[in-house]
Amino acid sequence: MVKNLTKKLVMVMWFLANTTAFAQGSSTLTLDSCLALASRNFPLIKQYALIEKSNEYTIANANKGYLPQFNINGQGTYQSEVTQIPISLPNVTIEPLSKDQYKIYGEVSQPLTDLFTIRDQKELLKVNARIDVQKTEVDIYKLKDRINNIFFSILLLQDQIEQSNLLRGDIESAVTKTNVAIANGVALKTSADNLNAELLKTDQRIIELQANRKGYIDMLSLFVGRQINVGDIFEMPKPQILSTSQINRPELRLYDLQKNTFDIQSKLISNKTLPKASLFLQGGYGRPALNMLSNDFKTYYIGGVRFSWNLNSYYTLRNERRLLELNKVGIDVQRDVFLFNTNLTLKQQNSEIQKILELINTDREIIVIRQRIKEVTKNQLEFGVASTNDYTTAANALDLAAQNLILHKIQLLQAQYNFQFTSGN
């Protein structure tokens, strides 16, 4: 009863998978297509638009520095003493200035030397925006490793299911022959029971493998942003030709961009030591106006060139430049450490690839031997020379060898793609 129930459960699972695939339409998925879909669907991809829009706003604000600057000021004062003319003339009365004085004025100024500073500030803003974009690319690049692991796990489970079905077919064939031997009085009924128990174990393994495969497919569906059916075909990636001639990771471009900011910051530090000049025009209304001897409210205007030079910036100029150099050296150190660790990982991965290649060669030799032993045991079982235990032992040994070959082949492909991921090629 348990055997029949398990068989029905396996058949129902396959029927549902095939029915869903037929109803929704099965498709072929490649590793590259999954990577492309996952990259477009990853929430962090929205960061690109945010960075671009933020950069537009900051550049627009920097451009406002080219425009004239406007100020409006006003004041009212009372003073204890005012300027007086210390002379007296006959028939002439000079009215003293009022001690309460008022003034309101507006000023427009156009910076001249700040134009170079604004230019460098805009360049720094652009580089910082590129740094933010590159940081996002680094984070998205790490997504590639996660998709690789999921995709190769699906391929491994897919091949393990296929191999388990082959083992199931071998055991079913042995059950048929054993039933014939029992009918002819050559074998005992316990021999068929032993094979049926092995058949149930194989069915259980298939159920577990199918459930695990569906779990990975559901995970991949979340990454790519669309529903993947269990009946979809996952295409085996092509073997990779490994190349260690150059490391082309996005982290290296990030280090280069970070170093570029220090060159621009050095220009901005130098700009602080330069004299500043601007054109200005001031107009106002007050008492007194420009004529300090008049005690009437009047309008006035004044224009010209304003010049200033803040020499205090020279106090910190050398240390600020030294700090920039130290930060630049720090980026070089980070880059060297990253390259060292990456090269170390590549050597380890290359050694792993060579080990798996040797294991695959050994797996093939073991399969040839195990296949020969299983065929002999199967013939002996048919003639009652070997027991069902002997046959199941030989069949399971062959299945284990085949499973190891499947595992090592998938591991080899995954190791090659991991190598390419680490090198950035």
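Residues numbered from 1 in each chain as written. Predicted model: local features only at pLDDT ≥ 70, side-chain atom pairs only at ≥ 80, totals over all residues. Heavy atoms only, no water.

## Quick look at the pattern of salt bridges
Keep this limit in mind: Counted as salt bridges are all cases of a side-chain nitrogen of Lys or Arg within 4 Å of a carboxyl oxygen of Asp or Glu. Note on exposure labels: buried denotes an accessible area under 20% of the residue type's maximum, exposed denotes more than 50%, and partly exposed covers the range between, all computed with a 1.4 Å probe on protein chains only. For the purposes of this entry, the term helix denotes a DSSP run of H or I that reaches at least four residues, the term strand denotes a run of E that reaches at least two, and both are numbered from the N terminus.
By the definition in use, this model includes 15 salt bridges. Across the salt bridge formed by arginine 119 and aspartate 120, the nearest N and O atoms sit 3.4 Å from each other. Residue classification places arginine 119 among the partly exposed positions, given a relative accessible area of 47%. Among the salt bridges present, the one from lysine 259 reaches aspartate 332, with a minimum N-O distance of 2.9 Å. Residue lysine 259 is found in helix H6 (residues 250-271), and its partner aspartate 332 is found in helix H7 (residues 313-382); the two are separated by 73 residues along the sequence. Salt bridges sharing partners connect three or more residues here, namely Arg168, Glu172 and Asp203.

## Notes on a nonpolar patch on the surface
Here is the rule we go by: Exposure above 30% relative accessible area and the absence of a salt bridge qualify a residue for a patch, where like charges join within 9 Å and nonpolar side chains (Val, Leu, Ile, Met, Phe, Trp, Tyr) within 5 Å. Methods summary: accessible areas were calculated by the Shrake-Rupley approach with a probe of 1.4 Å, and residue burial reflects only the protein chains presented.
Together, Ile72, Tyr102, Ile104, Tyr285 and Phe297 give the surface a local cluster of nonpolar side chains, amounting to about 530 Å² of exposed area. Within the secondary structure, isoleucine 72 sits in strand E2 (residues 69-78).

## What about the confidence of the model for the protein?
Filter applied, for reference: Each residue carries a pLDDT value, the predictor's own confidence for that position, ranging from 0 to 100. Contacts are assigned to residue pairs with any non-hydrogen atoms lying within 4.5 Å of each other.
Taken as a whole, the protein shows an average pLDDT of 83; of its residues, 91% reach a score of 70 or greater. Confidence scores differ between elements of the protein, with helix H1 (residues 2-24) showing the lowest mean pLDDT of 43 and H7 the highest of 90. Considering only residues more than four positions removed or in separate chains, one finds that residues 1-24, a stretch of pLDDT under 50, has 26 contacts.

## What about unusual backbone geometry?
In terms of backbone geometry, most residues other than glycine have negative phi values and most peptide bonds are trans. Cis rather than trans, the peptide bond between arginine 287 and proline 288 has omega equal to -5°. Relative to the helices and strands, proline 288 is located in the loop between strand E5 (276-287) and strand E6 (298-308).

## Notes on empty space enclosed by the protein
What counts here: Definitions used throughout: a 1 Å grid over protein atoms alone; a cavity as a set of points that fits a 1.4 Å probe which cannot get out; a pocket as an open set with protein on both sides within 12 Å along at least five of seven lines; a lining residue as one with an atom within 4 Å of a point. Grid points are joined across faces, edges and corners, and a volume is the space filled by probe spheres set on the points. All amino acids are sorted into three groups, where Ala, Val, Leu, Ile, Met, Phe, Trp, Tyr, Cys and Pro are nonpolar, Asp, Glu, Lys and Arg are charged, and the leftover types, Gly among them, are polar.
Applying the stated criterion across every chain yields a total of 1 cavity of 30 Å³ or more. Approximately 50 Å³ is the volume attributed to the largest cavity. A per-element tally of the lining of the largest cavity places helix H4 (residues 114-183) first, with 3 residues. Across the lining of the largest cavity, the residue classes break down as 3 nonpolar, 3 polar and 2 charged.

## Observations regarding helix H2 (residues 31-41)
Definition in use: It is the directions from the helix axis to the C-beta atoms that the arc portrays.
Listed as buried for H2 are Leu31, Cys34, Leu35 and Ala38. Buried residues of H2, viewed axially, fall in a sector of 100°; they line one side. The exposed residues of H2 that point more than 90 degrees off its buried face are Asp32 and Arg40.

## Some points on the pairing of strand E3 (residues 100-111)
Let me state the cut-off plainly: When DSSP finds two or more bridges between a pair of strands, those strands are recorded as paired.
Inspection of the sheet shows E2 paired to E3 by 10 bridges, in the antiparallel sense. The residue bridging glycine 74 from the neighbouring strand is isoleucine 104, located in E3. In the sheet, E3 pairs with E5 via 10 bridges, with the strands oriented antiparallel. From the neighbouring strand, glutamate 107 faces E5, where its bridge partner is glutamine 282.

## Some details on the side chain of glutamate 198
Structurally, the position occupied by glutamate 198 is in helix H5 (residues 189-224). Note on glutamate 198: relative accessible area 12%, which makes it buried. Excluding residues that lie within four positions of it along the chain, glutamate 198 makes contacts with Ile171, Thr392 and Asn396.

## Considering the sheet that holds E6
Quick reminder of the rule: Axis angles are defined between N-to-C directions and span 0 to 180 degrees, where every axis is a line fitted to C-alpha atoms and, for a helix, only to the segment in contact.
Taken together, the 4 strands give an open sheet; going across it, the order is E2-E3-E5-E6, and neighbouring strands pair in antiparallel fashion. The open sheet is flanked by E2 and E6, the only strands paired with a single partner. Neighbour to neighbour, the strand axes of the sheet diverge by 20° on average, direction disregarded.

## Some details on the packing of H4 against H7
Applied cut-off: By the definition adopted for this analysis, an angle is roughly parallel if under 35 degrees, roughly antiparallel if over 145, roughly perpendicular if from 65 to 115, and oblique otherwise. Left-handed describes a crossing whose near helix is turned anticlockwise from the far helix through less than a right angle; right-handed describes the clockwise counterpart.
Closest axis-to-axis distance for the H4/H7 pair is 9 Å, and the angle between their directions is 20°. Regarding the angle of H4 to H7, the classification is roughly parallel. Crossing handedness for the pair H4 and H7: right-handed. Contacts between H4 and H7 involve Asp170, Ser173, Ala174, Lys177 and Thr178 from the former and Lys374, Lys378, Leu381 and Glu382 from the latter. Tallied by class, the residues present in the contact of H4 with H7 amount to 2 nonpolar, 2 polar and 5 charged.

## Points about the environment of arginine 287
Just so we agree on the cut-off: In the analysis that follows, any N or O atom pair within 3.5 Å is treated as a polar contact, provided that within protein one partner can donate a hydrogen and the other can accept it, and provided that, for residues neighboring in sequence, both atoms belong to side chains.
For arginine 287, the location among the structural elements is in strand E5. Each C-alpha atom of the pair arginine 287 and glycine 76 lies 9.6 Å from the other, and the pair is 211 residues apart in sequence. In this view, arginine 287 contacts Ser98, Asp100, Gln101, Tyr102, Asn295, Asp296 and Phe297; residues no more than four positions away in its chain are not counted. At 3.0 Å, the side chain of arginine 287 and the backbone oxygen of aspartate 100 are in polar contact.

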